[in-house]
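Spelled out, the chains give:
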Amino acid sequence: MRRPLVAGNWKMHGTRASVAELIKGLRQLALPTGVEVAVMPPCLYISQVLAGLDGKAIAVGAQNCAVEPMQGALTGEIAPSQLADAGCTMVLVGHSERRLILGESDEVVVRKFAAIQAAGLVPVLCVGETREQREANKTLGVVGGQLAAVIDALGVEALKNAVVAYEPVWAIGTGLT
């Protein structure tokens with residue numbers, strides 16, 4: 001079984017100054033043994049975070065990537081190969097905000113998942129249900145469907161070099177547990 005992973009998604013927060021403060025705090029942390037630690041800053045600050053955490057056992061990942069693994073003509077997107085070149089080791093995919101607010105379908109999630117792995121990075125597949133789905137006892141169906149989309153398209157072996165992160169949508173920022 002894989003070591004537990006504690007990852008912090010910084011979402012759309014940060015300035016160069018506040019990121020420098022976060023790096024300073026992270027450098028002072030005594031990291032737990034037996035637990036992998038990662039941060040996912042906004043893409044704009046990945047280089048700053050990588051440089052600031054150099055030598056510290058904290059992985060740096062990206063919050064998103066393009067559906068194609070290599071560079072190309074997708075204005076505004078970032079290829080997983082570029083993220084690997086920058087020093088990232090993992091990429092979030094399927095985050096509820098991208099699914100619900102930006103309309104990313106299971107098909108897009110699968111394409112990104114495959115592109116991430118093709119670039120040698122670890123996909124962190126986010127799965128989870130909304131409060132309405134939970135209250136309707138649809139949790140297993142929703143989460144199972146999100147996992148099945150990847151497994152059906154890429155095979156169960158694709159999960160061997162991936163992280164599955166259960167993030168119930170109803171618990172994000174609500175105070176509910």
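Residues numbered from 1 in each chain as written. Predicted model: local features only at pLDDT ≥ 70, side-chain atom pairs only at ≥ 80, totals over all residues. Heavy atoms only, no water.

### Overview of the side chain of lysine 56
So the rule is basically this: Here a helix means four or more residues in a row that DSSP labels H or I, a strand means two or more in a row labelled E, and each is numbered from the N terminus. Any residue under 20% of the maximum accessible area for its type is buried, any over 50% is exposed, and the rest in between are partly exposed; the area is computed with a 1.4 Å probe on protein chains only. A residue counts as positive if it is Lys or Arg and as negative if it is Asp or Glu; His and the chain ends are not included. By definition, a salt bridge exists where a carboxyl oxygen of Asp or Glu is found within 4 Å of a side-chain nitrogen of Lys or Arg. Polar contact is defined as a pair of N or O atoms within 3.5 Å, subject to the rule that within protein one atom must be able to donate a hydrogen and the other to accept it, and that residues adjacent in sequence are counted only when both atoms are side-chain atoms. The contact definition used throughout considers only heavy atoms, calling two residues in contact when any of these lie within 4.5 Å.
One can find lysine 56 in the loop between helix H2 (46-52) and strand S3 (59-62). One buried charge, lysine 56, has no salt-bridge partner; the nearest side chain with opposite charge is aspartate 54, at 13 Å. Here arginine 27 takes part through its backbone oxygen, which lies 3.2 Å from a polar atom of the side chain of lysine 56. If we ignore the near neighbours within four places in the chain, the residues touching lysine 56 are Leu26, Arg27, Leu29 and Leu31.

### Observations concerning unusual backbone geometry
The general pattern is negative phi for most residues beyond glycine and trans for most peptide bonds. We note that lysine 11 has phi near 55 degrees; this positive angle belongs to a residue other than glycine. Within the element layout of this structure, lysine 11 appears in the loop between strand S1 (5-9) and helix H1 (16-28). The phi dihedral of asparagine 137 falls on the positive side, at around 55 degrees, and the residue is not glycine. Tracing the backbone through its elements, the reader meets asparagine 137 in the loop between helix H6 (131-135) and helix H7 (139-154). Taking relative accessible area as the criterion, asparagine 137 reaches 72% and is therefore assigned exposed.

Spatial relationships are all this shows, so hold off on functional conclusions.
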